[in-house]
Amino acid sequence: MYTDSGVVASLVCCTGGEEGEVLNPAMDRPEVLENIEQVRRQELAAAADILGYSSVHYLGYRDSGMEDSETNSDPRCFAQAPLDEAVGRLVGFIRQERPHVIVTYGPDQQGYRHPDHLRVAEISSPAFDAAGDCDAFPEAGEPWQPLKMYYVTWSGLRLHALHAKFQELGLESPYEERWFNREFNDASITTRVDCSAHFHRRSAALLAHATQVDPESKFWFGLADHHVAEAYPYEDYERARCLVDAQIPEIDLFAGIH
């Protein structure tokens, strides 16, 4: 939605995805498994192109693997990277791209505690502050201060709305009872952006990650995009940092900046 309106967007990926599992049976082939990092990079490039990103940067660390796996202790992995080093690398990309808004993972990740996602949360706030500090990481380029930072999130309200749409259409819902017993952070959501007109691009970008997403999955694709838009037309965010005058709740990540 934003790139179609002329906003320049860039993506920073922290690892190469070396430990990723192949979750799509059609991609579970020897040549894919043997070259998983290269395949993952190609998938990410395709997805970024669909969404309109102008550039994709890699922070340069190895995939840490899932929580409590042996690869968590690999000294090359992102989870083991010295915090200051990782922050400095991110600061370099912030100063290079000069964003007004940063979207990242937050520290509250009860539903999916991947070590690399948690590490992203740990470096994001320090990098947000350091990017505009002329005394911090002078080797990383000219200072640039972003104005806002958001955490992505997935609300309980959305889950209930999608479940209800499955029932309304007489379809089997993939959301079992265990999904509704999870803790959600709806109370922390500050910003709901209606981007339903672009859900077809969101689905296409998701499908571009062919090793990670099964196109037959009811969880991801059990509802047509227009039915998802009818049920819940928003992407939800938690505003973590704001250096401009913008009242909450918001309907635009650039509120107070335009």
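Residues numbered from 1 in each chain as written. Predicted model: local features only at pLDDT ≥ 70, side-chain atom pairs only at ≥ 80, totals over all residues. Heavy atoms only, no water.

A.B. asks: Would you take a moment to explain the overall build of the protein chain for this structure?
C.D. replies: The secondary structure content of the protein chain amounts to 9 helices and 6 strands. Here the C-alpha atoms of the protein chain give a radius of gyration of 19 Å, agreeing with the 18 Å that 2.2 N^0.38 yields for 258 residues. For the protein chain, the spread of C-alpha atoms along the principal axes amounts to about 60 × 50 × 35 Å. A total of 258 residues make up the protein chain; the buried ones form 44% of that total. The contacts in the protein chain between residues at least 6 apart in sequence include a share of 75% that link residues at least 24 apart. Carbon and sulfur atoms provide 51% of the accessible area of the protein chain, an area that totals close to 13800 Å². (Helix = DSSP H or I, 4+ residues; strand = E, 2+ residues; numbered from the N terminus. Rg over C-alpha atoms; globule rule 2.2 N^0.38 Å. Buried < 20%, exposed > 50% of the residue type's maximum accessible area, 1.4 Å probe, protein only. Contact = heavy atoms within 4.5 Å. Areas by Shrake-Rupley, 256 points an atom, 1.4 Å probe, with all protein chains shown as cover.)

A.B. asks: Just checking my understanding: could you explain the sheet that holds strand β5 (residues 191-194) for this structure?
C.D. replies: Two strands in a sheet stick together by hydrogen bonds in their backbones, pointing the same way (parallel) or opposite ways (antiparallel). With respect to topology, 4 strands assemble into an open sheet ordered β3-β4-β6-β5, the strand pairing being mixed. Of all the strands in the sheet, just β3 (101-104) and β5 have a single pairing partner and so form its edges. If you compare each strand with its neighbour and ignore which way they point, the axes differ by 35 degrees on average. Sheet topology note: the β5/strand β6 (residues 234-242) ladder contains 4 bridges and is antiparallel. Residue threonine 191 lies in a different strand from β6, and its bridge partner there is tyrosine 237. (Pairing = 2+ DSSP bridges. Axes fitted to C-alpha atoms, helices over the stretch in contact; angles between N-to-C directions.)

A.B. asks: Even after reading the chapter, I still don't get the environment of leucine 59, so can you show me in this structure?
C.D. replies: If you trace the backbone, leucine 59 turns up in strand β2 (residues 55-61). In the structure, leucine 59 is positioned 86 residues away from glutamine 145 in sequence and 20 Å away in space, judged by C-alpha atoms. If sequence neighbours within four positions are ignored, leucine 59 has contacts with Val12, Cys13, Cys14, Phe78, Ala86, Arg89, Leu90, Phe93 and Ile123.

A.B. asks: I keep staring at unusual backbone geometry and nothing clicks. Help me out?
C.D. replies: A negative phi angle characterises most non-glycine residues, just as the trans form characterises most peptide bonds. Cis geometry is adopted by the peptide bond preceding proline 249, which originates at isoleucine 248 and carries an omega value of 5 degrees. Within the secondary structure layout, proline 249 lies in the segment after β6. Even without a glycine there, the phi angle at aspartate 68 is positive, about 70 degrees. Mapping aspartate 68 onto the fold places it in the loop between β2 and α3 (83-97).

A.B. asks: Got a minute to help me understand helix α2 (residues 36-51) in this structure?
C.D. replies: Think of an α-helix as 3.6 residues a turn; residues three or four steps apart then line up on the same face. Taking 1.5 Å per residue as the helical rise, α2 with its 16 residues ought to reach 22 Å, and the 22 Å between its terminal C-alpha atoms agrees with that figure. Taken together, the buried positions of α2 are Ile36, Val39, Arg40, Glu43, Leu44, Ala47 and Ala48. Tucked inside the fold, the buried residues of α2 contact β1 (10-15), α1 (30-33), β2 and α7 (199-208). Looking one or two places after α2, you find glycine 52, whose phi comes out positive at around 95 degrees. (Expected span 1.5 Å × (residues − 1).)

A.B. asks: Quick question: what am I supposed to make of the side chain of serine 55 here?
C.D. replies: Tracing the chain through its elements places serine 55 in strand β2. Of note is the side chain of serine 55, whose polar atom sits 3.4 Å from the side chain of histidine 57. Of the polar contacts made by the side chain of serine 55, one reaches the side chain of glutamate 97; its length is 2.9 Å. (Polar contact = N/O pair within 3.5 Å; in protein donor to acceptor, adjacent residues only side chain to side chain.)

A.B. asks: Help me understand the packing of aromatic side chains, please; the structure alone is not making it clear to me.
C.D. replies: The geometry of an aromatic ring pair is captured by two quantities: the separation of the ring centres and the angle between the planes. Evaluated as defined, the whole model comprises 11 aromatic pairs. With a centroid separation of 6.2 Å and an interplanar angle of 70 degrees, the aromatic rings of tyrosine 150 and tyrosine 237 are classed as edge-to-face. Placement of the pair is tyrosine 150 in strand β4 (residues 148-153) and tyrosine 237 in strand β6, with a sequence separation of 87 residues. Relative to tryptophan 179, the ring of tyrosine 175 has its centre 6.2 Å away and its plane inclined at 85 degrees; by these criteria the two rings are edge-to-face. Residue tyrosine 175 shares its accessibility class with tryptophan 179, and that shared class is buried. In this structure an aromatic cluster arises from ring pairing among Trp154, Phe166, Tyr175, Trp179, Phe219 and Trp220. Directly above the ring of tyrosine 58 sits arginine 41, whose terminal nitrogen or CZ lies 3.9 Å from the centroid. Note that arginine 202 overlies the ring of phenylalanine 199, its terminal NZ or CZ placed 3.8 Å from the centroid. (Phe/Tyr/Trp six-rings, centres within 6.5 Å; stacked < 30°, edge-to-face > 60°. Lys NZ or Arg CZ within 6 Å of the ring centre and 35° of its normal.)

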